[in-house]
Amino acid sequence: QVQLQESGGGLVQAGGSLRLSCAASERTFSSLNMGWFRQTPGKEREFVAVINRSGGITNYAESVKGRFTISRDNAKNMVYLQMNSLNPEDTAVYHCAAGRAWTRRTDDYTYWGQGTQVTVSS
């Protein structure tokens, strides 16, 4: 099936930045909507951002609006999440996901990566 692999996570101090990447093994990558979600222990997976097939439309969770930017490069089958002005509440495992529908609901996405850890120190 479609495989997604995240990278770019790590430890950063509050106010710093990280750029996450997601590589997709999909021939028809440009036909998929791509989303970013995050999850902490004991908490339900939370929507972060989504980008449509062409990359012309994006949507963000209120908690990250103005700080995070999602983008994609269809020629490289890559999706990115630029995270600026990070705070400790952004600490989580970040997952990328792919699906046919335009949605911010976790159960509407068909393919999921294993995640990359982001830790923001205070």
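Every value quoted in this text rests on a predicted model; they were computed, and no experiment measured them.

Q: It is not clear to me how the packing of aromatic side chains should be interpreted in this structure. Could you clarify?
A: Aromatic ring pairs: the centre-centre distance and the angle between the two ring planes describe each pair. Scanning all chains against the criterion turns up four aromatic pairs. Taken together, a centroid distance of 5.2 Å and an interplanar angle of 75 degrees make the contact between Phe37 and Tyr109 edge-to-face. Of this pair, Phe37 sits in strand β4 (residues 33-39) while Tyr109 sits in the loop between β9 (92-99) and β10 (111-112), and the two are 72 residues apart along the sequence. Taken together, a centroid distance of 6.1 Å and an interplanar angle of 65 degrees make the contact between Tyr109 and Trp112 edge-to-face. By relative accessible area, which is 6% here, Tyr109 ends up buried. Linked through ring pairs, Phe37, Phe47, Tyr109 and Trp112 together constitute an aromatic cluster. The ring of Tyr80 has Arg19 lying over it, and the distance from NZ or CZ to the ring centre is 4.0 Å. If you follow Arg72 out to its NZ or CZ, it ends over the ring of Phe29, 4.4 Å from the centre.

Q: Looking at this structure, I do not really get the environment of Pro41. What am I missing?
A: Inspection of the secondary structure assignment puts Pro41 in the loop between β4 and β5 (46-51). Separated by 35 residues in sequence, Pro41 and Lys76 have C-alpha atoms that sit 32 Å apart.

Q: Would you mind going over the pairing of strand β7 (residues 68-73) with me for this structure?
A: Walk down a regular strand and you will see the side chains alternate between the two sheet faces. With burial as the criterion, only one face of β7 is covered, namely that bearing Phe68, Ile70 and Arg72; the residues Thr69, Ser71 and Asp73 on the opposite face remain uncovered. In the sheet, β7 pairs with strand β8 (residues 78-83) via six bridges, with the strands oriented antiparallel. Looking across to β8, one finds that Ser71 is bridged to Tyr80. Counted along the chain from β7 to the antiparallel partner β8, the turn is four residues long, and its residue Asn77 has a positive phi close to 55 degrees.

Q: Explanation requested: the state of the cysteines in the structure shown.
A: Defined simply, a disulfide is a covalent bond joining two cysteines at their sulfur atoms. Counted by the stated rule, this structure contains one disulfide. In this model, Cys22 is linked to Cys96 through a disulfide, with the two sulfur atoms separated by 2.0 Å. On the S-S bond that ties Cys22 to Cys96, the torsion sits near 55 degrees, and the link is right-handed. One end of the pair, Cys22, is in strand β3 (residues 18-25); the other, Cys96, is in strand β9, and 74 residues separate them in sequence. The two residues Cys22 and Cys96 agree in class, both being buried.

Conventions used here
Residues numbered from 1 in each chain as written. Predicted model: local features only at pLDDT ≥ 70, side-chain atom pairs only at ≥ 80, totals over all residues. Heavy atoms only, no water. Phe/Tyr/Trp six-rings, centres within 6.5 Å; stacked < 30°, edge-to-face > 60°. Helix = DSSP H or I, 4+ residues; strand = E, 2+ residues; numbered from the N terminus. Buried < 20%, exposed > 50% of the residue type's maximum accessible area, 1.4 Å probe, protein only. Lys NZ or Arg CZ within 6 Å of the ring centre and 35° of its normal. Pairing = 2+ DSSP bridges. Disulfide = S-S within 2.5 Å.

Keep in mind that these numbers describe shape and distance, not what the molecule does.
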